[in-house]
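# Chains, contacts and geometry: an overview
Listed here are the chains, written in short residue letters.
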Amino acid sequence: MNSQYWVGKDLATWHGAEVICSNIGANLVEIESPEEEDFIQSLVFNLTESVWLGATDIAEEGTWLSAEKNTTLTYENWYPGQPNNNDGNQNCLSLYEPFNHTWCDEDCSELYQYICERKAF
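Scope of this entry: the structure provided in the associated data block. Computed from a prediction, not measured in an experiment: that's the story for all the values here. (Residues numbered from 1 in each chain as written. Predicted model: local features only at pLDDT ≥ 70, side-chain atom pairs only at ≥ 80, totals over all residues. Heavy atoms only, no water.)

### Here's the deal with the state of the cysteines
Evaluation of the coordinates by the stated rule reveals 2 disulfides. Across the disulfide from Cys-21 sits Cys-116; the S-S distance is 2.0 Å. In this structure the cystine formed by Cys-21 and Cys-116 twists about its S-S bond by roughly -80°; its chirality is therefore left-handed. In this pair, Cys-21 is assigned in helix α1 (residues 14-23) and Cys-116 in strand β7 (residues 112-119), connecting sequence segments 95 residues apart. For the pair shown, Cys-21 and Cys-116 are each scored as buried. Shown here is the disulfide that connects Cys-92 with Cys-108, its sulfur atoms set 1.9 Å apart. With the S-S dihedral at roughly 95°, the linkage between Cys-92 and Cys-108 falls on the right-handed side. Taken as a pair, Cys-92 in strand β5 (residues 92-96) and Cys-108 in the loop between β6 (102-106) and β7 lie far apart in primary sequence, 16 residues in all. Assigned by exposure class, Cys-92 and Cys-108 land together as buried. (Disulfide = S-S within 2.5 Å. Helix = DSSP H or I, 4+ residues; strand = E, 2+ residues; numbered from the N terminus. Buried < 20%, exposed > 50% of the residue type's maximum accessible area, 1.4 Å probe, protein only.)

### Observations concerning the packing of aromatic side chains
For the coordinates displayed, the defined rule picks out 8 aromatic pairs. Seen from their ring centres, Tyr-75 and Trp-103 are 5.9 Å apart, and the 80° between their planes marks the pair as edge-to-face. On the criterion of sequence distance, the pair formed by Tyr-75 in the loop between β4 (65-66) and β5 and Trp-103 in strand β6 is long-range, its members being 28 residues apart. Judged by relative accessible area, which is 15%, Tyr-75 ranks as buried. Judged by relative accessible area, Trp-103 falls into the buried class, the value being 1%. On the basis of an interplanar angle of 80° and a centroid distance of 5.7 Å, the ring pair of Trp-78 and Trp-103 is categorised as edge-to-face. Of this pair, Trp-78 sits in the loop between β4 and β5 while Trp-103 sits in strand β6, and the two are 25 residues apart along the sequence. Of the two residues, Trp-78 and Trp-103, both sit in the buried class. Counting every residue linked through ring pairs, the aromatic cluster contains Trp-64, Tyr-75, Trp-78 and Trp-103. (Phe/Tyr/Trp six-rings, centres within 6.5 Å; stacked < 30°, edge-to-face > 60°.)

And the structure:
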């Protein structure tokens, strides 16, 4: 994990969070291993809001792509029954707070916290 992480305490849509991360030279975090997931979980442990992550299936339903690389995810850890595309409009990946910050698909217009990641030098 040669990355730096920044937890956004304010709320933003998924696309808004992408812009905020981009403005600091980062991207929404893409969790790429169980070890990175454990670290990210330690960052969100005390948060009371859901958190945006850097993946979406907006281009093709059910095909989850990294927002940064536009490639299929190399690691996934979905909550049971997720992703479910509830109401046909859940295209962005979150750590959903009501399910103890586990992976769920959500409506990209929801206002959540977010985690930015940039590769360390």
